[in-house]
Structure formats: structure tokens, C-alpha cells
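Structural description and commentary
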Amino acid sequence: VAVSTALGYGGIGIVRLSGNNALSIADGMFMAKSKKKPSEFKSYTAHYGWVVGSRRSPVTGHQTKRKLRATGNDIIDEALVTVMRAPKSYTRQDMVEINCHGGLVVLKTVLNLAVSLGARLAEPGEFTKRAFLNGRIDLTQAEAVLDIIRAKTDAFLKVSLNQLKGDLTLELENIREYLMGIYVELEAVVNFPEDEIDASPRRQLLNRIRKAQERIEKLLASSEQGKILKEGIKVVICGRPNVGKSSLLNVLLKQPRAIVTEIAGTTRDTIEETAQIRGIPFQLIDTAGILEPRDSIEREAVKRSRLHIENADLVLFVIDIHEKFSAKDKEFIDRIKGKNVLVVLNKCDLAAKLDLRKITALLKGRKMIKVSALKRIAIDALEKEIVKSVWKSKDIDTAGILISNTRHIYALKECGLNLQEAEGALGKNMPLELVSEGVKAAVSHLDEITGRSVSADLLSRIFSEFCIGK
Ligand SMILES: Nc1nc2c(ncn2[C@@H]2O[C@H](COP(=O)(O)OP(=O)(O)OP(=O)(O)O)[C@@H](O)[C@H]2O)c(=O)[nH]1
Ligand SMILES: [Mg+2]
């Protein structure tokens with residue numbers, strides 16, 4: 001049993017039961033208006049009534065059941081109960097969902113009541129884990145559930161839904177079948193050496209292994225985009241005081257988040273906000289422009305902006321086009337060496353005093369764009385450039401499969417390496433046992449991803465990331 005909705009105040013809150021005794025436990029705590037017991041409900045029907053039982057703090061075991069009967073029926077909440085019988089349920093076990101009111105006390109009382117009737121509190125992700133263990137979904141689909149819950153953008157939601165639907169499973173299982181075909185042939189030759197194959201079938205085998213490898217590589221190639229969609233991109237806005245960093249942050253966020261004044265040194269603490277730009281999640285960080293700290297607060301501010309620049313995926317280096325180039329600008333240019341930088345020439349609504357040649361010489365090869373944060377000039381173009389500098393391909397392809405999970409990336413890389421070894425062994429005319437071993441190892445890495453073979457340890461690690469009640 002677990003509360004499956006977020007803990008807080010809400011219109012409704014759902015307590016979910018799953019397992020052999022789910023129906024009998026529900027019988028002990030729900031009184032339907034129809035007088036029917038939950039164990040008599042038809043699968044996939046919803047019933048109106050009341051959760052009834054002892055309001056007192058829970059005591060576990062049979063003694064409580066007796067106590068409950070003795071105390072009579074306290075109405076705990078008005079509720080709607082849905083029964084989903086095995087095997088057609090999320091977990092493939094009997095399930096009961098109690099839709100109560102979404103209050104903290106109500107939900108806790110209903111939860112405790114189920115526990116007092118013999119239910120056990122579910123571990124994080126345990127419902128989904130049961131769905132996996134009972135063979136309803138594979139591991140990538142279970143992981144997709146988590147991704148859907150945590151999706152920060154529409155684009156990533158789409159990708160995760162495809163994964164839940166089984167698109168990734170299908171592709172992995174296809175590759176697996178293909179490799180198993182090769183493996184079985186190889187084993188036949190290895191076990192009946194009198195049929196040792198000659199050069200031409202060897203070349204054919206090589207081609208087939210290469211084909212599988214190409215498919216693995218294609219999946220891996222999508223991981224860069226997948227990870228971006230999943231985790232977002234860290235963009236740090238830096239530059240000397242008063243160039244308009246905070247103004248730029250506000251414009252990109254479309255809300256006045258940071259304080260903007262004409263006083264140099266307005267921003268001291270770093271300001272972090274998330275925003276979606278063209279479907280991609282960004283973490284935007286506005287930093288202090290201070291270079292020479294005058295006190296301990298400013299020293300900390302400088303330290304923080306340095307740290308953020310170091311960890312940035314993209315640095316927006318802001319320069320005031322209305323000011324002459326200064327030693328301070330130069331100091332920032334030194335700080336952002338080696339980073340992925342987009343140069344923002346701000347205040348283009350004012351007369352330009354900046355010597356652009358100097359900037360171009362110092363920031364060779366870096367993309368530059370003239371904007372006005374104040375007058376909102378060329379902000380659209382800036383957004384385009386931001387996306388372009390982190391997103392290599394033109395459009396987000398959400399129709400297909402995108403790999404975003406580190407565990408999948410790792411296993412796919414291992415799988416690719418095994419295939420490479422098999423190829424090498426084939427090319428060098430080494431014994432076919434070696435080739436066969438390589439193919440088998442490659443298959444085992446695919447099985448790791450889908451969960452065909454997976455250790456209990458890894459399973460508990462994967463599901464421990466889930467929330468309780470899912
Ligand atoms: N004309 C003009 N003024 C701007 C533009 N962008 C910002 N400003 C002004 O420049 C001043 C400084 O802007 P901020 O956004 O606070 O600058 P900052 O870089 O965050 O400054 P610090 O936090 O002090 O480092 C404010 O008075 C803004 O209104 C612009 O595009 N054009
Ligand atoms: Mg500022």
C-alpha cells in the first residue's frame with residue numbers, strides 16, 4: 001500500500017493497494033453505498049462509498065482487526081474505489097485504488113488503516129517493479145515511467161512515451177534476435193569443426209556483425225540529444241558590471257526575475273532559473289560582474305561566478321556595445337577560455353562605441369550577436385543561436401528513439417566494444433570461438449538494458465530512484 005498522489009493538499013488523493021490480499025484488505029475498510037464488498041466489484045468499475053475503520057493510531061496484526069470490529073465503523077472519508085483484477089492491472093496483481101480527498105491527515109489515516117489490516121508499506125517504485133517482475137513491461141519501459149514523471153519539456157515527454165510504448169524495447173530485441181542468429185550459426189561451426197567455414201562466409205559474417213554494430217552506433221549517436229532533453233543545459237551569463245546580464249536573464253525568462261538597476265554591481269548572489277527555449281530545457285544562471293571584491297560578500301560572489309563558468313555547457317558573454325572595450329572585458333575573456341561561448345553584444349539600441357575588431361581578434365571563431373535586452377531587439381535570433389550552439393542537428397526528432405539513460409549508454413557502448421572485438425577476431429582469421437564469445441557478450445549487454453538478465457542489486461538501484469506510490 002502507498003499513497004500514489006503527491007503529498008500535499010489536493011482535490012483528490014489516491015491510496016493504492018496491490019497484491020494477493022488487496023481485495024480482502026479493501027473489504028475491511030470500505031463500505032460501498034451499494035452495500036457490495038470490493039471483492040465483489042467487477043474489474044475496472046468505480047464505486048462510491050465511505051472508508052470506515054478506526055481513527056486511532058495504527059496497531060498492526062490481527063488484534064487490530066478485532067479491535068476495529070469492536071469499535072464499530074468510524075467514517076474516515078468519502079471515497080471512490082476502483083478495483084482492477086489480476087492480470088489486467090498495472091502490477092498484474094489484484095489492485096485497488098481508493099480515491100479519497102487529497103489531504104495529508106485523510107491520506108495518512110487511510111494508509112494506516114490498510115496497514116493495520118495487514119498491508120505492507122510499498123517501497124519506492126515497488127508497483128512498477130512488480131509490473132516488471134511479472135513480465136508486463138521490460139526495464140526500459142519501467143525507466144520510461146520515471147522519465148515521464150520527471151520530464152521537464154514536451155519534447156522529452158514524447159520521447160519517454162515512445163519508450164514506454166516499447167519502441168526502444170522493440171529495437172533492442174530486434175538487434176538481439178539478429179545477433180542471436182549469428183551466434184547460433186557460429187556455435188554450430190564451433191561444435192562441429194569438420195564443417196569449418198571458409199573465407200567467403202567469413203566475409204558475410206563480418207558484414208552482418210557490422211550491420212548490428214551500425215544499429216548500436218545509431219542508438220548511441222542519439223544519446224547526446226537525449227541527455228540534453230532529459231537534463232537540460234546549463235547556460236551561464238557573465239560579463240563585467242552593468243552590461244545588462246540581469247536584463248538579459250529577465251528577457252529570456254520572460255519575467256522580471258533579477259533586479260536591474262543602473263548601479264554597477266547590482267547582482268551579487270548568482271540567480272538560477274529554468275526556462276524552456278524552443279522545447280529544450282535550460283538552466284539559466286545570472287552571475288555577478290564584480291572583478292575586484294571589496295568585502296567577503298563580494299569575494300563569495302566572485303567565487304560563485306567562477307565556479308558556474310567552469311561547469312557551464314554554454315557561456316553567454318555579454319559586452320556593452322555602447323562602452324569602449326575595457327581591461328575588465330579582457331579579464332572575463334581570459335576566464336572563459338576553452339568554454340563554449342556565445343558573445344552577446346548588448347545595448348544595440350544605443351550608439352556603438354565598441355571596437356568590434358578588438359573583440360573579434362580576442363574571441364576568434366566565436367559566434368557574436370547584437371541585441372538589446374532593454375528594447376527586446378533580436379531576442380528571437382539570440383534564442384535561435386543559443387539552441388544552435390548546443391543542439392547540433394537542425395530539428396528535435398522526437399518521433400524516433402532517443403537514448404537518454406546513462407545506464408543504457410554504458411551498456412550500449414560495451415555492446416559495441418564486444419562487437420568490435422568479434423569483428424577483429426573474424427578479420428584476423430582467429431578461431432571462431434573468439435568471435436562467438438564476442439557476439440554472446442554483446443547480447444548480454446542488450447539483455448542488461450531490457451532486464452532479460454539483471455542482478456537484484458541493479459534492480460533495487462533502479463527502482464530506489466522512483467517515488468513512493470509509483
Ligand atoms: N539602453 C539599454 N540599456 C540597457 C540594455 N540592457 C540593460 N540596460 C540597462 O543597463 C543597466 C544595467 O543593467 P543590468 O541588467 O542590471 O546589468 P548587469 O550586467 O546585470 O549588472 P550587474 O548586476 O551590476 O553586474 C540598467 O540600467 C539597464 O536598464 C539595453 O539593451 N539597452
Ligand atoms: Mg545583474
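Keep in mind that what you see is a predicted model, and the values were worked out from it rather than measured. (Residues numbered from 1 in each chain as written. Chains lettered and ligands numbered in written order. Predicted model: local features only at pLDDT ≥ 70, side-chain atom pairs only at ≥ 80, totals over all residues. Heavy atoms only, no water.)

The subject of this paragraph is empty space enclosed by the protein. Here the idea is plain: a probe the size of a water molecule rolls over the atoms and shows the empty space left. In total, this model carries 1 cavity of 30 Å³ or more according to the counting rule given. Of the volumes computed, that of the largest cavity is approximately 40 Å³. The wall of the largest cavity is formed by Val159, Asn162, Gln163, Asp167, Leu168, Gly400, Ile401 and Leu402. For the lining of the largest cavity, the secondary-structure elements that each account for two or more residues are helix 6 (154-165) and helix 7 (167-191). Tallying contributions element by element places helix 6 first for the lining of the largest cavity, with 3 residues. Tallied by class, the residues present in the lining of the largest cavity amount to 4 nonpolar, 3 polar and 1 charged. (1 Å grid on protein atoms, 1.4 Å probe; cavity = no way out; pocket = protein on both sides within 12 Å on 5 of 7 lines; lining within 4 Å. Points joined across faces, edges and corners; volume = space filled by probe spheres on them. Helix = DSSP H or I, 4+ residues; strand = E, 2+ residues; numbered from the N terminus. Nonpolar A, V, L, I, M, F, W, Y, C, P; charged D, E, K, R; others polar.)

For the rest of this paragraph, the subject is the coordination of the magnesium ion (ligand 2). Looking at the magnesium ion (ligand 2), the protein donor atoms are Ser246 (OG) and Thr267 (OG1), and they sit 1.9 to 2.0 Å from it. One end of the pair, Ser246, is in helix 10 (residues 245-253); the other, Thr267, is in the loop between helix 10 and strand 8 (271-277), with 21 residues separating them in the sequence. According to the relative accessible area criterion, Ser246 is buried, its value standing at 8%. Residue class for Thr267 comes out buried when judged on its relative accessible area of 10%. (Donors = N, O, S within 2.8 Å, 3.2 Å for Na, K, Ca; no water. Buried < 20%, exposed > 50% of the residue type's maximum accessible area, 1.4 Å probe, protein only.)

In the vicinity of ligand 1 there are 23 residues, among which Lys245, Ser247, Gly265, Thr266 and Thr267 approach most closely. Backbone polar atom of Thr261 to an oxygen atom of ligand 1: 3.4 Å apart, as the coordinates give it. A distance of 3.1 Å separates an oxygen atom of ligand 1 from a polar atom in the backbone of Leu374. Considered on its own, ligand 1 offers 650 Å² of accessible surface; in the complex 91% of this is hidden by protein. Structurally, ligand 1 is housed in the largest pocket. A class-by-class count of the residues in the shell around ligand 1 yields 8 nonpolar, 11 polar and 4 charged. (Near = heavy atom within 4 Å. Polar contact = N/O pair within 3.5 Å; in protein donor to acceptor, adjacent residues only side chain to side chain. Areas by Shrake-Rupley, 256 points an atom, 1.4 Å probe, with all protein chains shown as cover. Sits in = over half its atoms within 2 Å of the grid points.)

With the exception of glycine, the majority of residues adopt a negative phi angle, and the majority of peptide bonds are in the trans configuration. Between Ala86 and Pro87 the backbone carries a cis peptide bond, its omega angle lying at 0°. Looking at the element boundaries, Pro87 is found in the loop between strand 5 (74-84) and strand 6 (95-102). For Lys35, which is not a glycine, the phi torsion comes out positive at approximately 75°. Summarising the element assignment, Lys35 is placed in the loop between strand 3 (30-32) and strand 4 (45-53). The class for Lys35 is exposed, based on a relative accessible area of 74%. Residues other than glycine seldom take positive phi values, yet Asn429 does so here, at roughly 55°. Secondary-structure assignment places Asn429 in the loop between helix 15 (406-427) and helix 16 (432-450). When its relative accessible area of 56% is taken as the criterion, Asn429 is described as exposed.

This part is about the environment of Tyr178. Position of Tyr178 among the secondary structure elements: in helix 7. For the pair Tyr178 and Ala441, spaced 263 residues apart in sequence, the C-alpha separation works out to 14 Å. Ignoring anything within four residues of it in the chain, the contact list for Tyr178 reads Arg208, Lys211 and Ala212. (Contact = heavy atoms within 4.5 Å.)

Nonpolar side chains tend toward joint burial in soluble globular proteins. With 36 residues, the main nonpolar core has Leu248, Phe282, Leu316 and Leu382 as its most contacted residues. What Leu316 contacts, discounting residues up to four positions off in sequence, is Val235, Val236, Ile237, Cys238, Leu248, Leu252, Leu342, Val344 and Ile386. In this structure, Leu179, Leu186, Ile409 and Val435 belong to the second largest nonpolar core, which totals 32 residues. (Core = buried A, V, L, I, M, F, W, Y, C linked by side-chain atoms within 4.5 Å.)

Take the packing of aromatic side chains next. Applying the stated rule across the entire model yields 4 aromatic pairs. Taking 6.5 Å as the distance between ring centres and 35° as the angle between the ring planes, the aromatic pair formed by Phe132 and Phe463 counts as tilted. Separated by 331 residues along the polypeptide, Phe132 in helix 4 (residues 126-133) and Phe463 in helix 17 (residues 456-464) bring together distant segments of the chain. Taken as a pair, Phe132 and Phe463 share a single burial class, namely buried. For the pair Phe463 and Phe466, a centre-to-centre distance of 5.3 Å together with 35° between the ring planes defines the contact as tilted. Take Phe463 and Phe466: they sit in the same class, and that class is buried. Ring pairing ties together the aromatic residues Phe132, Phe463 and Phe466, which thus form one cluster. The ring of Tyr90 carries the charged tip of Arg16 above its face, separated from the ring centre by 5.1 Å. The side chain of Arg335 reaches across the aromatic face of Phe332, ending 5.0 Å from its centre. (Phe/Tyr/Trp six-rings, centres within 6.5 Å; stacked < 30°, edge-to-face > 60°. Lys NZ or Arg CZ within 6 Å of the ring centre and 35° of its normal.)

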